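# Fold and geometry: a report
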Amino acid sequence: MTAVEVSQAQELLTILIRLQVLYNRLHHVRQQQGDLPFQIEDLQAKAMALKHEANELAEQVHRIEHEIRSLFTSNESLRDQQQKLQKMLNSIRNEQEFFRVKNDLEETNLTIQRNIKTISRLQKELSEKQAELDAKQNALAETQEIILDKEEKLRHVLQITTAQEEKLLERIRTVSEELQMKNPRLYQLFERRRRSMRESKALVPILCIDQESNMVACGGCYRLLPRQLHWELTQRNQVYICESCGRFLVDASFFEEVASTME
Ligand SMILES: [Zn+2]
């Protein structure tokens, strides 16, 4: 293990513990936001895709409706035509003329029939597209509702955590300045560790693995530590650093003792 030579070790260790406790609290506060911002981002992307799909479907529905309408209109005028031709047919004496009109009439009938078939196919297609569109719009509305709900939650969490965060950062500044004044080298060492460690944990209490044999491990990397370290840490007259992960090590009861005096 590495020992950092310092005078007034207990006082410095106390400051280090206070600083770490504040950083632990800060981490906890920031944790409360969780992944809500990411969830909202994902949902917004999903909502945008749904909106795009719904718009496309609405356009298709609109186009089919237009097609059906124009087929109905065309059939109406074809029926007028049909009546006219029928009348003509009844009054024609000329054989050639008769066959021409008869042909026209058959052609008109066929077109009407064809249009009716097309209309029925389009109506089926329309109801399918409409159902698809309804489903998309429902999914979109649902997603937007979830987004609103999550945004509300995030706002609520932020309302609470922003104030807490600011307060903690202020206290961290004060304690950091105190440490920097008393021992700039130790402060820098702590800061470097804190920046590189997960969850800003630059200092950890050691873990007692076995009470009887005094087996202890680093509370950060869980590496076993030399037995005599436990005793040495209880003396509080030197600053120790874990050789494998580089975190500052303190006795667990010392850590608790300092943490419990903090509001
Ligand atoms: Zn370690």
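The residue numbering used here restarts from 1 in each chain and proceeds along that chain's sequence as written. Side-chain atom pairs in this predicted model are given and counted only at pLDDT of 80 or more, local residue features only at pLDDT of at least 70, and totals for whole chains, interfaces and linings cover all residues. Where side-chain values are given, they derive from all heavy atoms of the structure, hydrogens and water being excluded.

### Details of the domain arrangement of the chain
Where interface size is quoted, it is often the accessible area lost as the parts come together. The domain limits used here are those given by an automatic or database domain assignment. Partitioning the chain into structural domains gives domain 1 (2–27 + 175–261) and domain 2 (36–174). For domain 1 and domain 2, the distance between their C-alpha centroids amounts to 66 Å. Contacts: residue pairs with any heavy atoms within 4.5 Å of one another. If you look at the interface, domain 1 gives 9 residues, while domain 2 gives 7 residues. The largest contributions to the domain 1 side of the interface with domain 2 come from Leu22, Leu26 and Val175, which together make up 60% of the buried area. Accessible-area loss on putting two parts together, using a 1.4 Å probe and summing over both, is the definition of buried area adopted here.

### Considerations on the sheet that holds strand S2 (residues 203–205)
Consider a sheet: its strands pair through backbone hydrogen bonds, and that pairing is either parallel or antiparallel. Pairing between two strands is assigned when DSSP locates at least 2 bridges connecting them. Every helix listed is a DSSP run of H or I at least four residues long, and every strand listed is a run of E at least two residues long, numbered separately from the N terminus. Sheet architecture is open: 4 strands sit in the order S1-S6-S7-S2, paired in mixed fashion. The sheet is open, and its two edges are formed by strand S1 (2–4) and S2, each paired on a single side. Neighbouring strand axes in the sheet, compared pairwise and without regard to direction, differ in orientation by 40 degrees on average. Bridge count for strand S6 (residues 239–241) against strand S7 (residues 248–250) is 2 bridges, and the pairing is antiparallel. Paired with Tyr240 across the two strands is Leu249, which belongs to S7. Working convention: axes come from line fits to C-alpha atoms, limited for helices to the stretch in contact. Angles between N-to-C directions cover 0 to 180 degrees.

### A word on the environment of Leu12
Mapped onto the elements, Leu12 comes out in helix H1 (residues 9–33). Residue class for Leu12 comes out buried when judged on its relative accessible area of 3%. Taking the C-alpha atoms as reference points, Leu12 and Tyr187, 175 residues apart in sequence, are found 9.7 Å from one another. Apart from residues no more than four positions distant in its own chain, Leu12 is found in contact with Val6, Ser7, Leu179, Lys182, Asn183 and Leu186. Throughout this description, buried means an accessible area under 20% of the type-specific maximum (1.4 Å probe, protein chains only), exposed means over 50%, and partly exposed covers the range between.

### Concerning the coordination of the zinc ion
Put simply, the ideal angle at a metal is 109.5 degrees for four donors in tetrahedral geometry and 90 or 180 degrees for six donors in octahedral geometry. Coordinating donors are taken to be N, O and S atoms lying within 2.8 Å of the metal, or within 3.2 Å when the metal is Na, K or Ca; because water is excluded from the atom set, some sites may appear incomplete. At this site the zinc ion is bound by Cys218 (SG), Cys221 (SG), Cys242 (SG) and Cys245 (SG), with donor distances of 2.3 Å. Site shape is set this way: if four donors have all angles between 85 and 135 degrees, tetrahedral; if opposite donors are over 155 degrees apart and all others between 65 and 115, square planar for four donors and octahedral for six; otherwise irregular. The site at the zinc ion holds 4 donor atoms, and with the angles between them running 106 to 115 degrees, its shape is tetrahedral. In the primary sequence, the donor residues of the zinc ion line up as C-x2-C-x20-C-x2-C. On the accessibility criterion, Cys242 (2% relative accessible area) is buried. You can call Cys245 buried: its relative accessible area is 17%.

### Some remarks on the sheet that holds strand S3 (residues 207–210)
Taken in spatial order, the 3 strands of this open sheet run S3-S4-S5, and their pairing is antiparallel. Two strands bound the open sheet, and with one partner strand each, they are S3 and strand S5 (224–225). Summarising the sheet, S3 and strand S4 (residues 215–217) pair through 3 bridges and their orientation is antiparallel. The partner of Cys208 across the bridge, within S4, is Val216.

### Observations regarding the nonpolar core
In terms of nonpolar packing, the biggest core is built from 33 residues, with Leu16, Leu186 and Phe248 touching the most fellow members. Going through the elements one at a time, H1, helix H3 (95–182), helix H4 (184–196), S6, S7 and helix H6 (252–261) are the ones with two or more residues in this core. As used here, the term nonpolar core means buried Ala, Val, Leu, Ile, Met, Phe, Trp, Tyr and Cys residues forming a set that is joined through side-chain atoms within 4.5 Å.

### Quick look at the environment of Val6
Tracing the sequence through the fold places Val6 in the loop between S1 and H1. Separated by 113 residues in the primary sequence, Val6 and Ile119 have C-alpha atoms spaced 92 Å apart. Residue contacts for Val6: discarding those within four places in its chain leaves Leu12, Asn183, Leu186 and Val239.

### Let's talk about the pattern of salt bridges
Definition used for salt bridges: Asp or Glu carboxyl oxygen within 4 Å of a side-chain nitrogen of Lys or Arg. Applying the stated rule across the entire model yields 16 salt bridges. Within this structure, Glu97, Arg100 and Asp104 form a network of salt bridges that share partners.

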